[in-house]
Amino acid sequence: MGDPMELDFSPTRGMKRKAEDSTSILERQPKMQQPAGGEMLKSTWNSDAESSSFRKFAQKSSSLPFGQPIDYSSINGPTYLTAQTLIQQVAYALSDKIFSYSPESFDLDVAVKDWSTSNTPNSHGYITRVVPMQTRSGAGSIALGYMFSKDFDLAKRYIPQSVLASSSSLHSLRAALDQLSLLYSVANPFVAHVAAVDYAPGSSRGLVTDYASALTVAEELGLGLVASSSAYEVQHMSLFSTILATVLPTIHIYDGVNVGHDTLRVVDVLNQRGLNTAYTNVLNELSKLSKRSDAETKAAHLLNAFNNELGTAYSLFEYRGHNNPEVVLVVFGSVESSLAGQVAEKLSVEGSKVGVVNVRVYRPFVEEEFLKALPASVRHIGVLGQVLDPTTVADKSAHSNLFEDVLAATVFADRWATPPSVVDLKYSRGETFTPTSMATILYELVGKVPEDGERFLLLDTSHIKQFTFWDVEDSAASTAPSAIGKLLSGDSASNVTISQTHDNFIQGGTVRIDIRNSKKSVEAYYPIEESDIVFVGEEKLLKEIAILKSIKNGGKLVLKLPGVKDEDLEKKLPASVRNEIKFKGIQLFLLDPTLTPAVEKDPAVETLVTELAFIQLTRPELFLSGMKKLASINANVDLLNDAAADFDNVLRQVEIPEAWAEVDVEAQVPDLPRTITSSSFTGFEKEETAPPSLLRNWESAAKGLVFKEAYGTKTSLRPDLSVTTFEVTVKENRRLTPLTYDRNIFHIEFDLGNSGLTYNIGEALGIHAENDVNEVVEFMEFYGLNPDEIVEIPSREDPNVLDTRTVFQSLVQNIDIFGKPPKRFYEALAEFASDENEKKELLTLGSPEGANEFKRRAEVDTITFADILLEFKSAHPSFHDIARIVSPMKRREYSIASSQMVNPTTVALMIVVVSWVDPKGRDRFGQATKYLSKLPIGAKVTTSVKPSVMKLPAKDTAPLIMAGLGTGLAPFRAFVQYRAMQKAQGKEIGSILLYMGSRHQREEYLYGEEWEAYQDAGVITLLGRAFSRDQPQKIYIQDRMRQTISDIIKAYIKEEGAFYLCGPTWPVPDVTEVLEEAIARDAKGIGKKIDPRKEIERLKEDLRYVLEVY
């Protein structure tokens, strides 16, 4: 063999090649061709699992039935659906366009997007276009603009426009809805299907059911508001709301947390033709009314016609309960009306004179119909009215919207000699209801005190089977419950409902799935309280949740405990759990998927083992036939047979020892929650575990270079980066502040050469900085690393592609070894500590107990990853472990201080070096700014370009008002350069007002000579310089702006200029206040009433108020 091949592994070059496998090159098969038209929407029936030997019943979205996509044409008659799917079907069938404001993971539009992409025609004969929108200020402007644009096809004026949104979007849509209500006589019918769900800051729940926002908006803007009481009627209410939208803009609202995502069987589902027929026929009835009829009359008439058309019996207000009640509870909302109605009916059977009025149509509020719904015997009325938060609940002077309407209707009615008393039972958005809590409210209204701990059960458990699955999000068996639900739904004589709850704050993501199976339809939007079988996929959950409280006496508990013997079981279960198992007579089964050979071959088979365990415990006689049905859902019969091998060992019942009945009276029984609270509709995006880097010898890299075609080798500038990079050359690097000044602000300019880098005005340049070479060498010597060792790291873009680099390259360019470590690094490093004291200290630093010490290290001592590795000498991870647990280096972005239109071959930056002295007297520097400040002329730098909000106005004559603090002046240099070029070309340009702020003119008059030259040339109109420390009293940038407020009024308001602020965040309120003063002063001068704050919001939307602060 000859000498090793010489390889070029300089810090700026790397190599990509395909990962090696055991298959020879000649044996490799070509990749399957992609289907025409792009990738299909993956579902159980048209795709295979990527990393397993069988088709997994993977959930595509919790808003879809069983989590699977559904064909539009199959929505007809008895069908398993979700409320959200039915709402989307109505919107798609009847709308011209759908404007979707769906927060990430809410999936309010996943079905309509699929149908639209598949070119499915709507009832009007063309494809309903779905327009995804962002929830922000002025969110409804595009929808409004579309309806009233000059190009709008007037032939479509009668076709409804629909919105899909959550209640969190209503605030942002308010302005557009306000305008729409004023212009509604010449607008399309407009309906917004709103999921009552929002994230509530400070709430113990991540997600809350929010009706309060819709109630307020509907009342204040005069909109229609219709509520669905259950998923079974949500299609009808979506249709009725669309019909009502021909009278006034209408909001259809439903519970987006507890109802919208449940999969259940709906019998009387209308297909597209049925929806269109009903819509047309009911609207024909409206024509029989006088055009002068008010909205209340039209709403009542339309609902009557709707009932006649569909054979239903809906009312604006619906009563349930005792025939002669003394107490009536008025409710609004899906779960509220469903639960309250069922509870009232059960209590009335037991003799309690109680009833419930469900407000189906809140706006228009038809008082006559409400009074008709109230029985004449009523003496006391409780109004269950939602308000925004607990503070409003506690405020005795505040009332719910619903209470005020009910009070007004009853007080002024002449129906009673003495009107019934009305009490406001306020509750916040974060409150949830169960049969027990709802019964308690009614008990209290009639003056009865319920017994402590008494549970109020609505369902007859002798006619319904209930199953609960508890697991962590990333469990191999997490898809099993959905597949089981699909399996049970195959029985046409039964009704199955599936409900999911995700809590991302327990065990890194926990999911609860409830399955109810009965002969009749079940309306139960609350957690199962009497489970027949409970499956627990992670035994740690037993220590955080009182899971056994929801198992009925004599029920079955299936606990997944791989590798645990019966004699070791007691150590795994807390004493309180063992006691409860014994006292409730719970049958305990252990599931050990590792005992089947099929799981050894493919860990994903664990989900099949769970499904088989369920069949074995519920219908053992159907074990074999059930496998065939499962095979049609996921896997195949042969694989299921392999999974079922030796199943008696895989699933075994444990005999409960008598000792489990012994109670330690001195032991403290933990007070655990009965269930989890919904914080999301899916698991959070966890940080992916980085594949291990591989230390290789030079021969491995040589193969890739010699046999490039075989290994797919490509040479790349920075193969480790996922963005397009360019190599530029330092042309100029000069300090702008004196050497004696404590702040090093410098100007650096790069020659673009043949790099191909292009940039627009206002964009930022990403600098992919490198660690100091000398410091890297010192670290490698200390740590005992060979700098020339080859390391192969899976690419960030494609894990099947390996980036080949040296250890030296990785430490210089990839690994942020001199960066600030987070808490999780201490935890990860503890695993490698051989010294117990060091291990304990590392774990403490990574835990809440070590928060103060961690904060001191991070913010005062500014400890780096390298410092920690030096400090804890017994913790010595290998290099590929360092690459895994140390954060990667991030690019740093700086506003570009030049215009490529003026300087086509260069790009310039203005940067301040970040520096400080730590408690040990060591000079510390920001990694990127230090790197850039020391670059010599001719040095190569890896860069990329990032877009920015800083853009010039479309009109060259629009004035620019710019405020920059320190290096925040950088983008304005580019703005002024460009406007100067235009002026030199003879073009008319708008005025430029430049305000700049720094501490001292002598030391920090950044680009001062340039600004003065531009002012002399007539490019800059006004130069407002604020040097805060050059005089006894401090003068800031907002002071200079206030001194020239008349110039701002002229440029900003009269001439419709654009304002820009770049720099730190602290002056934003003060600078904005000056602009508001200018707006107010101008409005007063012309006798116009304007809210300056709202005007600033409008200017933001028009990109005339732009901030880039840090």
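Residues numbered from 1 in each chain as written. Predicted model: local features only at pLDDT ≥ 70, side-chain atom pairs only at ≥ 80, totals over all residues. Heavy atoms only, no water.

Novice: In this structure, what is going on with the overall build of the chain? I would like to understand it.
Specialist: Within the chain one finds 38 helices and 41 strands. When each of the 1110 residues of the chain is scored for burial, the buried share is 54%. The long-range share in the chain, meaning contacts at least 24 apart out of those at least 6 apart in sequence, stands at 77%. Roughly 50,700 Å² of accessible area belongs to the chain as shown, and the carbon and sulfur atoms make up 50% of that amount. (Helix = DSSP H or I, 4+ residues; strand = E, 2+ residues; numbered from the N terminus. Buried < 20%, exposed > 50% of the residue type's maximum accessible area, 1.4 Å probe, protein only. Contact = heavy atoms within 4.5 Å. Areas by Shrake-Rupley, 256 points an atom, 1.4 Å probe, with all protein chains shown as cover.)

Novice: Quick question: what am I supposed to make of the packing of helix 37 (residues 1068-1085) against helix 38 (residues 1092-1101) here?
Specialist: What describes two packed helices is the angle between their axes and the distance between those same axes. Viewed as axis vectors pointing N to C, helix 37 and helix 38 meet at an angle of 110°, and their least axial separation amounts to 9 Å. Here helix 38 runs roughly perpendicular to helix 37, going by the angle between their axes. Along its contact with helix 37, which presents Thr1072, Leu1075, Glu1076, Ile1079 and Ala1080, the element helix 38 presents Pro1092, Arg1093, Glu1095, Ile1096 and Leu1099. Its residues assigned to classes, the contact of helix 37 with helix 38 comprises six nonpolar, one polar and three charged. (Axes fitted to C-alpha atoms, helices over the stretch in contact; angles between N-to-C directions. Parallel < 35°, antiparallel > 145°, perpendicular 65-115°, else oblique. Nonpolar A, V, L, I, M, F, W, Y, C, P; charged D, E, K, R; others polar.)

Novice: Would you explain a nonpolar patch on the surface in this entry?
Specialist: Together, Phe148, Leu182, Leu183 and Val186 line one region of the surface with nonpolar side chains, adding up to about 380 Å² of accessible area. By the element assignment, Phe148 lies in the loop between helix 3 (141-147) and strand 5 (161-166). (Patch = residues over 30% accessible without salt bridge, like charges linked within 9 Å, V, L, I, M, F, W, Y side chains within 5 Å. Salt bridge = Lys/Arg side-chain N within 4 Å of Asp/Glu carboxyl O.)

Novice: Can you walk me through the sheet that holds strand 39 (residues 1022-1027) in this structure?
Specialist: Sheet strands pair by backbone hydrogen bonding; their relative direction is either parallel or antiparallel. Across the sheet, five strands lie side by side as 39-38-37-40-41; this open sheet has parallel pairing. One side of each edge strand has no neighbouring strand; the edge strands of this open sheet are strand 39 and strand 41 (1105-1109). Pairwise comparison of adjacent strand axes, ignoring direction, gives a mean angle of 10° for this sheet. Its contacts with the sheet place helix 34 (residues 1008-1016) against strand 38 (992-998) and strand 39, and it is angled at close to 155° to strand 39. (Pairing = 2+ DSSP bridges.)

Novice: Just to check I follow, could you spell out the pattern of salt bridges for this structure?
Specialist: Where charged atoms of side chains with opposite charge meet at close range, the side chains can pair. Enumeration over the complete set of coordinates arrives at 36 salt bridges. Glu318 serves as the salt-bridge partner of Arg360, at 2.8 Å between the closest nitrogen and oxygen. Of this pair, Arg360 sits in the loop between strand 14 (354-359) and strand 15 (361-363) while Glu318 sits in strand 12 (residues 317-321), and the two are 42 residues apart along the sequence. For Arg360, a relative accessible area of 2% corresponds to the buried category. Residue classification places Glu318 among the buried positions, given a relative accessible area of 17%.

Novice: Honestly, helix 36 (residues 1045-1054) in this entry has me stumped. Any pointers?
Specialist: Because an α-helix completes one turn every 3.6 residues, residues spaced three or four positions apart along the sequence face the same direction. Inspection of helix 36 places Ile1045, Ile1048, Ile1049, Ala1051 and Tyr1052 among the buried residues, and these make up the whole buried set. One or two positions beyond helix 36, positive phi appears at Glu1056, with a value near 55°.

Novice: I tried to follow the environment of Ile70 on my own but got confused; where do I start?
Specialist: Take Ile70: it is sitting in the loop between strand 1 (14-18) and strand 2 (79-82). The spacing of Ile70 and Thr85 is 15 residues in sequence and 8.7 Å in space, taken between C-alpha atoms. Excluding residues within four positions of it along the chain, Ile70 makes contact with Pro65, Ile75, Thr79, Tyr80, Leu81, Thr85 and Trp115.

Novice: Sorry, what's going on with helix 9 (residues 334-349) here?
Specialist: The first and last C-alpha atoms of helix 9 sit 23 Å apart over 16 residues, in line with the 22 Å expected at 1.5 Å per residue. For helix 9, the tally of buried residues reaches 13 of 16 residues, placing the bulk of the element in the interior. Looking one or two residues past helix 9, Gly351 carries a phi angle of roughly 110°, positive in sign. (Expected span 1.5 Å × (residues − 1).)

Novice: Hey, could you run me through the nonpolar core in this one?
Specialist: What tends to happen in soluble globular proteins is that the nonpolar side chains get buried as a cluster. Counting 139 residues, the largest nonpolar core has Ile253, Leu329, Phe332 and Phe370 as the members making the most contacts within it. The leading source of residues in this core is helix 1 (residues 83-94), at eight residues. In contact with Phe332, not counting residues within four places along its chain, are Tyr211, Leu215, Leu225, Ala227, Ile253, Val359, Tyr362, Leu384, Leu402 and Tyr427. Grouped together as the second largest cluster of nonpolar side chains are 40 residues, Val558, Val609, Ile615 and Phe647 included. (Core = buried A, V, L, I, M, F, W, Y, C linked by side-chain atoms within 4.5 Å.)

Novice: Would you mind going over the packing of helix 18 (residues 606-618) against helix 20 (residues 637-644) with me for this structure?
Specialist: One can describe the packing of helix 18 onto helix 20 by two numbers: an axis separation of 9 Å at closest approach and a directional angle of 75°. Taken together, the axes of helix 18 and helix 20 lie roughly perpendicular to each other. Residues Leu608, Val609 and Leu612 of helix 18 pack against Leu639, Leu640, Ala643 and Ala644 of helix 20.

Novice: What should I look at first to understand the sheet that holds strand 17 (residues 421-428) in this one?
Specialist: Ordered in space as 12-14-13-16-17, the five strands form an open sheet in which the pairing is mixed. Edge positions in the sheet fall to strand 12 and strand 17, since each of these pairs with one other strand and no more. The mean angle between the axes of side-by-side strands here comes to 25°, regardless of whether they run parallel or antiparallel. Where strand 16 (residues 380-387) meets strand 17, eight bridges bridge the pair, whose relative direction is parallel. Paired with Val387 across the bridge in strand 17 is Ser428. This element, helix 9, spans strand 12, strand 13 (327-331), strand 14, strand 16 and strand 17 of the sheet and lies at about 35° to strand 12.

Novice: Sorry if this is basic, but what is going on with the pairing of strand 37 (residues 960-965) here?
Specialist: Strand residues, when the strand is regular, have side chains that alternate between the two faces of the sheet. Across the six residues of strand 37, six count as buried, placing the element largely inside the fold. Neither face of strand 37 is left uncovered, since the one carrying Leu960, Met962 and Gly964 and the one carrying Ile961, Ala963 and Leu965 both have all their residues buried. Here strand 37 pairs with strand 38 via six bridges, running parallel. Bridge pairing in strand 38 places Ile961 opposite Leu993.

Novice: What should I look at first to understand the confidence of the model for the chain in this one?
Specialist: Atom-level detail of predicted coordinates should not be read off regions where pLDDT is low. For the chain, per-residue confidence averages 85 on the pLDDT scale, and residues scoring 70 or more make up 89% of the total. Within the model, pLDDT remains below 50 along residues 686-696, and this stretch shows 25 contacts once partners closer than five positions in the same chain are excluded. (pLDDT = per-residue confidence, 0-100.)

Novice: Please explain the pairing of strand 27 (residues 726-735) as it appears in this structure.
Specialist: When strand 27 meets strand 36 (residues 940-946), the two strands line up antiparallel, connected through four bridges. In the sheet register, Thr729 faces strand 36, and the bridge partner there is Lys940. The sheet contact formed by strand 27 and strand 28 (residues 745-751) spans six bridges and is antiparallel. Bridge pairing links Arg734 to His747 in strand 28.

Novice: I tried to follow unusual backbone geometry on my own but got confused; where do I start?
Specialist: Arg363 connects to Pro364 through a cis peptide bond whose omega is 0°. Within the secondary structure layout, Pro364 lies in the loop between strand 15 and helix 10 (367-373). In this structure, Asp107 takes a positive phi of about 55° despite not being glycine. Locating Asp107 in the fold gives a position in the loop between strand 3 (97-101) and helix 2 (110-117). Not every positive phi belongs to a glycine, and Tyr1007 is a case in point at roughly 55°. Here Tyr1007 lies in the loop between helix 33 (1001-1004) and helix 34. Taking relative accessible area as the criterion, Tyr1007 reaches 7% and is therefore assigned buried.

Novice: Explanation requested: the side chain of His747 in the structure shown.
Specialist: By secondary structure assignment, the location of His747 is in strand 28. At a separation of 3.0 Å, a polar atom in the side chain of His747 contacts the side chain of Glu749. Contacts of His747, omitting those with residues within four sequence positions, involve Glu732, Asn733, Arg734, Leu736, Ala908, Leu909, Arg973 and Tyr1007. (Polar contact = N/O pair within 3.5 Å; in protein donor to acceptor, adjacent residues only side chain to side chain.)

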